[in-house]
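Now for the letters of each chain:
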Amino acid sequence: MIIAIDGPAAAGKGTLARRLAAEFNYAYLDTGSLYRAVGLGVLRAGFKADDVAAAVGVSANLDPALLGDPALREERTGDAASKVAAMPGVRANLLKFQRNFSVCPPGGKTGAVLDGRDIGTVVCPDANLKLYVTASADVRARRRFVELKDREPAVTYEQILADVQARDTRDMGRADAPLKPAEDALLLDTTELAIDAVFLRAVDLVKERL
Ligand code: DC
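Given the structure is predicted, the values throughout are model-derived calculations rather than measurements.

The rules behind each value
- Numbering of residues begins from 1 in every chain and follows the order in which that chain's sequence is written.
- Per-residue local features are limited, in this predicted model, to residues with pLDDT of at least 70; the limit for side-chain atom pairs, both in listing and counting, is 80 or more; totals at the level of whole chains, interfaces and linings are taken over all residues.
- To obtain the side-chain values, all non-hydrogen atoms of the structure were used and water was disregarded.
- Here, a salt bridge means any Lys or Arg side-chain nitrogen found within 4 Å of an Asp or Glu carboxyl oxygen.
- A run of DSSP states H or I qualifies as a helix once it reaches four residues; a run of E qualifies as a strand once it reaches two. Both are numbered from the N-terminal end.
- Each residue's exposure class comes from its accessible area (1.4 Å probe, protein chains only) as a fraction of the maximum for that residue type: buried when under 20%, exposed when over 50%, partly exposed otherwise.
- For this description, a residue counts as near a given molecule or strand if any of its non-hydrogen atoms is within 4 Å of it.
- Two N or O atoms count as a polar contact when they lie within 3.5 Å, although within protein this holds only if one can serve as hydrogen donor and the other as acceptor, and sequence-adjacent residues are included solely when both atoms are side-chain atoms.
- What sets the accessible areas is the Shrake-Rupley method with a 1.4 Å probe; for residues, cover comes only from the shown protein chains.
- Only Phe, Tyr and Trp rings are paired, with Trp represented by its six-membered ring, and only when their centres lie within 6.5 Å; those with planes under 30 degrees apart are stacked, over 60 edge-to-face, the remainder tilted.

Student: Outline the pattern of salt bridges, listing residues and values.
Tutor: Under the defined criterion, the tally for this structure stands at 13 salt bridges. Where Arg73 meets Asp30, a salt bridge forms, and the shortest distance between an N and an O atom there is 3.4 Å. With Arg73 in the loop between α4 (64-67) and α5 (75-84) and Asp30 in strand β2 (residues 27-30), this residue pair connects regions lying 43 residues apart in the sequence. The partner of Arg91 in a salt bridge is Asp118, and the shortest N-O contact between them spans 2.9 Å. Remark: Asp118 occurs in the loop between β3 (112-116) and α7 (119-123) and Arg91 occurs in helix α6 (residues 88-103); sequence separation between them is 27 residues. Each member of the pair, Arg91 together with Asp118, is buried. Look at the salt bridges and you will find they share partners, linking Asp79, Lys83 and Arg170 into a network.

Shown next, in the form of structure tokens:
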């Protein structure tokens with residue numbers, strides 16, 4: 001069973017994916033963390049996030065320690081991730097790992113849940129279930145602000161909203177694997193739907209496919 005969950009930043013796809021994986025005992029891969037790790041690696045090495053040669057180099061030999069780094073979730077890392085994610089060389093380097101994970105989930109699990117931007121369209125076009133989780137930019141920025149305000153007290157709601165909108169534009173506008181719903185994806189709008197309701201709907205959809 002391969003479940004593909006795509007959608008824009010802070011739409012709730014990570015929470016949904018994690019809960020689905022726990023419910024069915026499937027492996028979970030947050031593919032955004034791979035792009036974040038590349039972005040962080042580039043910044044740590046002293047380059048700018050839009051340095052193609054540096055990003056392709058970091059993604060070719062991704063240091064697993066970066067995936068556990070607390071700075072991975074910072075706003076500036078998300079911004080760098082969105083920039084390196086527009087580079088075809090970086091996407092190509094990360095593709096094989098993601099595909100392997102989906103077809104051979106670690107720990108002998110019988111299924112995998114992957115969330116990201118291009119899972120249903122590029123990484124797992126044959127996924128058994130494809131969900132596209134979205135919400136208004138305002139609601140997403142508010143959620144991210146609540147999540148970040150204790151860890152990054154200097155960050156304002158206005159900054160987060162501007163950042164969410166800039167990332168949407170970049171993620172949807174890039175030429176290689178842009179963010180968009182797969183033709184056979186089911187749309188879940190979480191603007192006014194609580195995460196519990198979204199989760200229950202998704203559980204039903206998985207059970208239908210089992
Ligand atoms: O989901 P996230 O905020 O952790 O993702 C960080 C960035 O990584 C996002 O702006 C776009 C990129 N990304 C991508 O291009 N493809 C994916 N499958 C996952 C993330």
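Next comes the rest of the description.
Student: Any details on the environment of Pro88? Residues and values, ideally.
Tutor: With respect to the helices and strands, Pro88 occurs in helix α6. Separated by 116 residues in the primary sequence, Pro88 and Asp204 have C-alpha atoms spaced 36 Å apart.

Student: Let's hear about the site of the ligand: which residues, and what values?
Tutor: The environment of the ligand is formed by 16 residues, the closest being Arg36, Arg91, Arg117, Asp118 and Arg167. Between the ligand and the protein, one listed contact pairs an oxygen atom with a side-chain N or O atom of Arg36 at 2.6 Å. Here an oxygen atom of the ligand and a side-chain polar atom of Arg91 are 2.8 Å apart. Surface burial for the ligand is 97%, taken as the share of its 450 Å² of free accessible area covered by protein chains. Breaking the shell around the ligand down by element, the ones donating at least two residues are α2 (31-44), α5 and α9 (157-173).

Student: So what about the packing of aromatic side chains? Which residues, and what values?
Tutor: Under the defined criterion, the tally for this structure stands at two aromatic pairs. A ring pair is formed by Phe24 and Tyr26, whose centres lie 5.7 Å apart and whose planes are at 20°; its orientation type is stacked. Summarising the burial analysis for this pair, Phe24 and Tyr26 share the class buried. Consider the rings of Phe145 and Tyr157, whose centres lie 6.4 Å apart with planes at 80°: the pair is edge-to-face. With Phe145 in helix α8 (residues 137-148) and Tyr157 in helix α9, this pair connects stretches of sequence that are 12 residues apart. Classification of Tyr157 by relative accessible area gives buried; the value is 14%.

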